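What follows is the residue order along each chain.
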Amino acid sequence: HVRSRRQRQMCIRDSYKEQSSQQVNRLQTEYQTEKKEAEIASLSQQSSIQALEIQQKNQAIIIGIVIVLFTLIALYFIYKQRESKKQQSQTELEQRFLRSQLNPHFISNALVAVQSFMLRNDSESAAMYLTKFSKLMREILENSRKEFIPVEEEISMLTNYLDIHKLRLGSFDYSIDLDENIDPEVDTIPPMFVQPFVENAVEHGIANISDGVINLKFSKESEYISIEVNDNGKGLAATKNQDHNSLSSTIIQERIDLFNKTLKNKIQLVIANLENEQGDVIGTKVELKVPFGYV
């Protein structure tokens, strides 16, 4: 009987141990499962956070690209608009400048001179005048469209221009001096800047004097070609109120300002009276410095 009781007790203890062991195993399994689920949930949360961060970064990149593209497009249109306005201003200025070169007064004088030669039966002088006049018109129209021309072409136009006036007036002399450092076929300068000052020297300087002299001098100075236009006329005070003179000077200054916006070496202009030792005005001096290039 006692043995039977002990056996039952041992069975109970074994059963209890087995239940305890199973319970422990079950609790450990549940703990491990919960731990893994917690780890999975944490990893899932981290993955969601990373995905959200990546999405936000992608959105920021896309927004940045859109802003950059919009800015570039806006800058392009602004640039094109400014270029268009600049081109329009340049075209308008060139047209005004061309009209000032082909002013009605000069053309009228040319036709009157031809008529005068014809009335005197001097057909040879009339033909020569017309030849030079037509050549000058062609040179003005061709050169006005170019940014730079060889020095020899500028001198050819100025020579032709002065010859026309000399045939008409017949009362002045002129000279054109070229520095030996200048290669007239290779060195290039902006065209049509000198002619208005030569016109002023003729029309408002020496036109009404018997011994008028105009001297042009081309010389090379560092990165510039300097052009001097000297006359022995009345000086600035006597011509400053001339309307056409003022208009030509204004257009020339506008054209210089326009060129200087794109030139590294700026065009320089100085106009002054020539004076003798006693301080008397004996003429006008124009000094124009223009950057030069090469053919």
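Up top is the structure.
For the structure given in this document, a descriptive report is provided here. (Residues numbered from 1 in each chain as written. Predicted model: local features only at pLDDT ≥ 70, side-chain atom pairs only at ≥ 80, totals over all residues. Heavy atoms only, no water.)

1. Some remarks on helix α3 (residues 123-143)
Here's step 1: An ideal rise of 1.5 Å per residue puts 30 Å on 21 residues; α3 measures up with 30 Å between its terminal C-alpha atoms.
Here's step 2: Within α3, burial applies to Ser125, Ala126, Tyr129, Phe133, Leu136, Met137, Glu139, Ile140 and Asn143. All buried residues of α3 fall inside an arc of 165° around its axis, so they share one side. In α3, the exposed positions that point more than 90 degrees away from the buried face belong to Glu124 and Thr131. (Helix = DSSP H or I, 4+ residues; strand = E, 2+ residues; numbered from the N terminus. Expected span 1.5 Å × (residues − 1). Buried < 20%, exposed > 50% of the residue type's maximum accessible area, 1.4 Å probe, protein only. Arc of directions from axis to C-beta.)

2. Some remarks on a negative patch on the surface
Here's step 1: The grouping of Glu142, Glu152, Glu153, Asp183 and Glu185 at the surface amounts to a negative patch.
Here's step 2: One can find Glu152 in helix α4 (residues 151-169).
Here's step 3: For Glu152, a relative accessible area of 37% gives the class partly exposed. (Patch = residues over 30% accessible without salt bridge, like charges linked within 9 Å, V, L, I, M, F, W, Y side chains within 5 Å. Areas by Shrake-Rupley, 256 points an atom, 1.4 Å probe, with all protein chains shown as cover. Salt bridge = Lys/Arg side-chain N within 4 Å of Asp/Glu carboxyl O. Lys, Arg positive; Asp, Glu negative; His and termini not counted. Charge placed at Lys NZ, Arg CZ, Asp CG, Glu CD.)

3. Observations regarding a nonpolar patch on the surface
Here's step 1: A contiguous nonpolar patch, built from Ile61, Ile65, Val68, Leu69, Leu72, Ile73, Leu75, Tyr76, Phe77 and Ile78 and spanning about 980 Å² of accessible area, is present on the exposed surface.
Here's step 2: Within the secondary structure, Ile78 sits in helix α1 (residues 2-101).
Here's step 3: The class for Ile78 is partly exposed, based on a relative accessible area of 37%.

4. Description of the pairing of strand β4 (residues 212-221)
Here's step 1: By the bridge criterion, 7 bridges tie strand β2 (residues 172-178) to β4 in an arrangement that is parallel. Across the sheet, residue Tyr174 finds its bridge partner in β4, namely Ile214.
Here's step 2: One ladder, built from 8 bridges, connects β4 with strand β5 (residues 224-231); its direction is antiparallel. Paired with Leu216 across the two strands is Val229, which belongs to β5.
Here's step 3: In this structure, the hairpin formed by β4 and β5 is closed by a connection of 2 residues, where Ser222 is found at a positive phi of approximately 55°. (Pairing = 2+ DSSP bridges.)

5. Considerations on unusual backbone geometry
Apart from glycine, the bulk of residues carry a negative phi angle, and the bulk of peptide bonds sit in the trans form.
Here's step 1: Non-glycine residue Met192 carries a positive phi angle of around 70°.
Here's step 2: Among the residues examined, Met192 registers a relative accessible area of 0% and is labelled buried.
Here's step 3: Here Ser222, not a glycine, exhibits a phi torsion of approximately 55°, which is positive.
Here's step 4: In this fold, Ser222 is placed in the loop between β4 and β5.

6. Topic: α4
Here's step 1: Between its first and last C-alpha atoms α4 spans 27 Å; for 19 residues at 1.5 Å apiece the expected length is 27 Å, and the two agree.
Here's step 2: Taken together, the buried positions of α4 are Val151, Glu154, Ile155, Met157, Leu158, Asn160, Tyr161, Leu162, Asp163, Ile164 and His165.

7. Looking at the sheet that holds strand β8 (residues 293-294)
Here's step 1: Read across the open sheet, the 3 strands follow the order β1-β3-β8; overall the sheet is antiparallel. The open sheet terminates on both sides in strands that have one partner only, identified here as β1 (149-150) and β8.
Here's step 2: The sheet contact formed by strand β3 (residues 187-189) and β8 spans 2 bridges and is antiparallel. Looking at β8, one finds that Thr188 is bridged to Gly293.

8. Notes on the packing of α3 against α4
Any two packed helices are characterised by how steeply their axes cross, that is the angle between the axes, and by the distance between the axes.
Here's step 1: In contact at an axis separation of 9 Å, α3 and α4 are set at 145° when each is read in the N-to-C sense. Crossing of α3 over α4 shows left-handed handedness. Between α3 and α4, the residues in contact are Met128, Tyr129, Lys132, Phe133, Lys135, Leu136, Glu139, Ile140 and Asn143 and Glu153, Ser156, Met157, Asn160, Tyr161, Asp163, Ile164, Leu167 and Arg168, respectively.
Here's step 2: By residue class, the composition of the contact of α3 with α4 is 9 nonpolar, 3 polar and 6 charged. (Axes fitted to C-alpha atoms, helices over the stretch in contact; angles between N-to-C directions. Left-handed = near helix turned anticlockwise from the far one by under 90°. Contact = heavy atoms within 4.5 Å. Nonpolar A, V, L, I, M, F, W, Y, C, P; charged D, E, K, R; others polar.)

9. Some words on the packing of aromatic side chains
Here's step 1: Inspection of every chain in the model, using the stated rule, returns 2 aromatic pairs.
Here's step 2: Just above the ring of Phe292 sits the side chain of Lys220; from NZ or CZ to the centre is 4.7 Å. (Phe/Tyr/Trp six-rings, centres within 6.5 Å; stacked < 30°, edge-to-face > 60°. Lys NZ or Arg CZ within 6 Å of the ring centre and 35° of its normal.)

10. Observations concerning the sheet that holds β2
Here's step 1: Strand order in this open sheet of 5 strands is β2-β4-β5-β7-β6, and the pairing throughout is mixed. Strands with a single pairing partner mark the edges of an open sheet, and in this sheet they are β2 and β6 (268-275). Going from strand to strand, the sheet's axes swing by 15° on average, the running direction of each strand aside.
Here's step 2: Sitting on the sheet, α4 touches β2, β4 and β5, and the angle it makes with β2 is about 170°.

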